[in-house]
Amino acid sequence: MRDCLFCKIAKGEIPSEKVYEDDKVYAFYDINPEAPTHFLVIPKEHIESANDLNDNNIDIVSHIFKVINKLVVELKIADAGYRIINNCGEDGGQTVKHLHFHVIGGRSLKWPPG
Ligand code: 5GP
Ligand code: ZN
């Protein structure tokens, strides 16, 4: 989608620090990390938020979780644990309107969030 920050990042039009890429997803480090390890996994297809998942595009979510499963091992946070977060919409605190999953780890995280 034109003028979408994460579409531009996925296409390499805006630079980012890549963690992983395949034909369906792109993973990159968050510019403002909340923990020693903080990366985002996004579909290359523009999907605005979790509200826009449906029978035609829901398979991307299982693919994203498979990718996360592999990356947390590579980044050595799998055993200690980590958090996967999707912020959806205004009240959910979603600031970028392209579906993304935060993966945050490398320190003990507090719960509940604010
Ligand atoms: P949200 O609040 O929408 O769930 O998360 C958006 C995330 O994207 C934030 O954690 C923010 O730091 C990150 N972010 C925003 N702009 C950029 C950018 O240009 N590059 C990278 N790498 N991360 C970004
Ligand atoms: Zn987009």
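As recorded by an unreviewed UniProt entry, the chain carries the name Histidine triad nucleotide-binding protein and is attributed to Clostridium gelidum.

Okay, the environment of Glu45 next. Relative to the elements of secondary structure, Glu45 occurs in the loop between strand 3 (37–43) and helix 2 (59–74). For Glu45, a relative accessible area of 48% puts it in the partly exposed group. Beyond its immediate chain neighbours, meaning those up to four positions away, Glu45 contacts Asn57 and His98.

Attention shifts here to the side chain of Asp30. Along the chain, the position of Asp30 falls in the loop between strand 2 (25–29) and strand 3. Of the side chains with opposite charge, Arg107 lies nearest to the buried Asp30, which makes no salt bridge, at 12 Å. Within the structure, Asp30 has its side chain in polar contact with the backbone nitrogen of Asn32 (distance 2.8 Å).

Now for the coordination of the zinc ion (ligand 2). Only Cys4 (SG), Cys7 (SG), His46 (ND1) and His98 (ND1) from the protein reach the zinc ion (ligand 2) as donors, at distances of 2.0 to 2.3 Å. Taken together, the four donor atoms coordinating the zinc ion (ligand 2) and their angles of 107 to 116° define a geometry best described as tetrahedral.

Here is what the cut-offs are and how they apply
- Residues numbered from 1 in each chain as written.
- Chains lettered and ligands numbered in written order.
- Predicted model: local features only at pLDDT ≥ 70, side-chain atom pairs only at ≥ 80, totals over all residues.
- Heavy atoms only, no water.
- Helix = DSSP H or I, 4+ residues; strand = E, 2+ residues; numbered from the N terminus.
- Buried < 20%, exposed > 50% of the residue type's maximum accessible area, 1.4 Å probe, protein only.
- Contact = heavy atoms within 4.5 Å.
- Lys, Arg positive; Asp, Glu negative; His and termini not counted.
- Salt bridge = Lys/Arg side-chain N within 4 Å of Asp/Glu carboxyl O.
- Polar contact = N/O pair within 3.5 Å; in protein donor to acceptor, adjacent residues only side chain to side chain.
- Donors = N, O, S within 2.8 Å, 3.2 Å for Na, K, Ca; no water.
- Tetrahedral: all angles 85-135°; square planar, octahedral: opposite > 155°, others 65-115°.

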